[in-house]
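# Descriptive structure summary
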Amino acid sequence: MTEGSNMQEDAAGKDEVPAGVPADEKRLEEENKENGDSKVTVPEQTTTPGAEEAEFVHPEGGWGWVVMLAAMWCNGSVFGIQNAFGLLFITISKEFGSGNEEDGFKAAWVGSLSMGMIFFCSPIVSIFTNIFGCRVTAVAGGAIGLVGLLASSFVTSMGALYFTYGIVFACGCSLTYQPSLVILGHYFKKRLGLVNGIVTTGSSIFTITLPIVLSNLLEKVGFQNTLRVLAILMFVLMLAGFTYKPLLPVSPVQTRAGSRCPPMRQIFNLNIWKSLGYRIWAFGIPTALYGYFVPYVHLVKHVDDRFGEDANDVVLLMCIGVTSGVGRLIFGRVVDYIPGVNKVFLQVTSFFVIGLMSMMIPLCNVFGGLIAVCLLMGLFDGCFISIMAPIAFELVGSQDVSQAIGFMLGLMSVPMTVGPPIAGFLRDRLGNYDLAFYLAGIPPMVGGAVLCLIPWVEARRKRREREEALGKEQDITQKMIEHDKALVDTQCEKDLKVAQCKDGESVL
């Protein structure tokens, strides 16, 4: 979409009838111009949804591969740091704790706030992306995340970490994450599924490698310098944002005249809440996530308590990262063969397995057992993540899917923020994590059970729509019959009157 091509299109448009304008209307417009009438009588041409998308040809590669690598780095650095917080959690408890029973509870809030804010800001970030574009939003997010990590390396209290790491750093991560997914649609269409799978495996790769790096850094250079090293990742992420060159044409109906802001009805789209299936989904997913983030925060500390500090706890996070990447690739492909909203049964299975594995963590008295638990947990974690977008598409349709995912991520922020501190509180009170992990397994099972209602609700909705459509069709048929009958009756009356007139004339 270069300026040269636009100029050629404009020049051609002077002599050709624009698409969608009938020839009669074009001729009428020319007659009005010849008569000196400056008022254009041709109705305003409207662009049908998807028309610009049909005209635009996605590169399916080229610079898009660079954008894909930048988005992969974003996904990996953001969630790699979040998933490895279990290592930082131990150091924060020791360096900023006061030695009392509430240290675990307070330290868990740092990581929980950080993860929660990433999702809580998602609806707002989607608005910023629409207004300012992917590049500006991503670069600003990388800069904010960089400032948050650097500031965290200089604080001397846990309360300050709540703000610098839990809020500032997390807001920067949120601003960089969502544009990295949106920009892929500018470069890929046929390969979008493959590219999304590659990008999301970035977090798995970082989850595998980052714990090893962090454990060595924490041991050799300390907590503050470790955060400064992590700030390098955010600096690279900020530079990666400059690669997000937008390609899709901007639709003029998306903004008001003289303003870059979209209309309020487009910012706050309430159509998605009209779907009962989506409302159930928006309740079931957050319910299931109250225990989801607990193992990522407390598993390392649990291993130290159970097996001693010499245990290779980093291996467990690596196992989750490896199988999570495998699960995203496998189930991302499997979901293409499952029709309609029945895809949700994969998510139900994922939550039941994740909940069961969380309950089995305290029962593992052998380290090898914990490895097996983490391998299964990571596999179905990848399944849960990879099918979020396909399910949203089935529930609300392609036009509203972006807002649907944004609101869902926002709702997910509350349980992912609250769960780990509760687990830390229970450990501080009881002296172990056994009850915390048992309770962490219940919400995923409850949320999975709620999601089982979605296929039944959607099937009933479609059946009702078919019945309504059939009823309307029958009403139309009946009205047509009545209309034809009325025409016949009218014609008969006219014929009768004509016959009576002819009889009268003959009598005369």
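Residues numbered from 1 in each chain as written. Predicted model: local features only at pLDDT ≥ 70, side-chain atom pairs only at ≥ 80, totals over all residues. Heavy atoms only, no water.

### Things to note about the overall build of the protein chain
For the protein chain, the count of helices and strands is 23 helices and zero strands. Of all 508 residues assigned to the protein chain, the portion counted as buried reaches 46%. Counted over contacts in the protein chain with a minimum sequence separation of 6, partners at least 24 positions apart contribute 84%. Accessible surface, the protein chain: about 25700 Å² in total, of which carbon and sulfur atoms supply 63%. (Helix = DSSP H or I, 4+ residues; strand = E, 2+ residues; numbered from the N terminus. Buried < 20%, exposed > 50% of the residue type's maximum accessible area, 1.4 Å probe, protein only. Contact = heavy atoms within 4.5 Å. Areas by Shrake-Rupley, 256 points an atom, 1.4 Å probe, with all protein chains shown as cover.)

### What about the nonpolar core?
Judged by nonpolar contacts, the single largest core of 118 residues is most densely connected at Ile92, Tyr165, Tyr244, Trp281, Ile285 and Met412. Contacts of Met412, omitting those with residues within four sequence positions, involve Phe119, Ile285, Leu289, Phe384 and Met388. (Core = buried A, V, L, I, M, F, W, Y, C linked by side-chain atoms within 4.5 Å.)

### Digging into a positive patch on the surface
A cluster of basic residues, Arg460, Lys462, Arg463, Arg464 and Arg466, forms a positive patch on the protein surface. Owing to a relative accessible area of 40%, Arg464 belongs among the partly exposed residues under this scheme. (Patch = residues over 30% accessible without salt bridge, like charges linked within 9 Å, V, L, I, M, F, W, Y side chains within 5 Å. Salt bridge = Lys/Arg side-chain N within 4 Å of Asp/Glu carboxyl O. Lys, Arg positive; Asp, Glu negative; His and termini not counted. Charge placed at Lys NZ, Arg CZ, Asp CG, Glu CD.)

### Concerning the packing of helix α4 (residues 63-83) against helix α9 (residues 158-182)
Relative to each other, α4 and α9 sit at 150 degrees, their axes nearing to 9 Å. When the interaxial angle is binned, α4 and α9 end up roughly antiparallel. Crossing geometry of α4 relative to α9 is assigned as left-handed. Contact with α4, carried on its side by Ala71, Cys74, Asn75, Val78, Phe79, Ile81 and Gln82, involves Tyr165, Phe169, Cys173, Thr176, Tyr177 and Ser180 of α9 and no other residues of that element. Residues that form the contact of α4 with α9 fall into these classes: nine nonpolar, four polar and no charged. (Axes fitted to C-alpha atoms, helices over the stretch in contact; angles between N-to-C directions. Parallel < 35°, antiparallel > 145°, perpendicular 65-115°, else oblique. Left-handed = near helix turned anticlockwise from the far one by under 90°. Nonpolar A, V, L, I, M, F, W, Y, C, P; charged D, E, K, R; others polar.)

### Brief notes about the pattern of salt bridges
Considering all chains together, one arrives at six salt bridges under this definition. Between Arg427 and Asp305 there is a salt bridge; the shortest N-O distance is 3.0 Å. On the criterion of sequence distance, the pair formed by Arg427 in helix α20 (residues 401-430) and Asp305 in helix α15 (residues 294-307) is long-range, its members being 122 residues apart. Two residues, Arg306 and Asp434, come together in a salt bridge whose shortest N-O distance is 3.0 Å. Of the two residues, Arg306 sits in helix α15 while Asp434 sits in helix α21 (residues 434-440), which places them 128 residues apart along the sequence.

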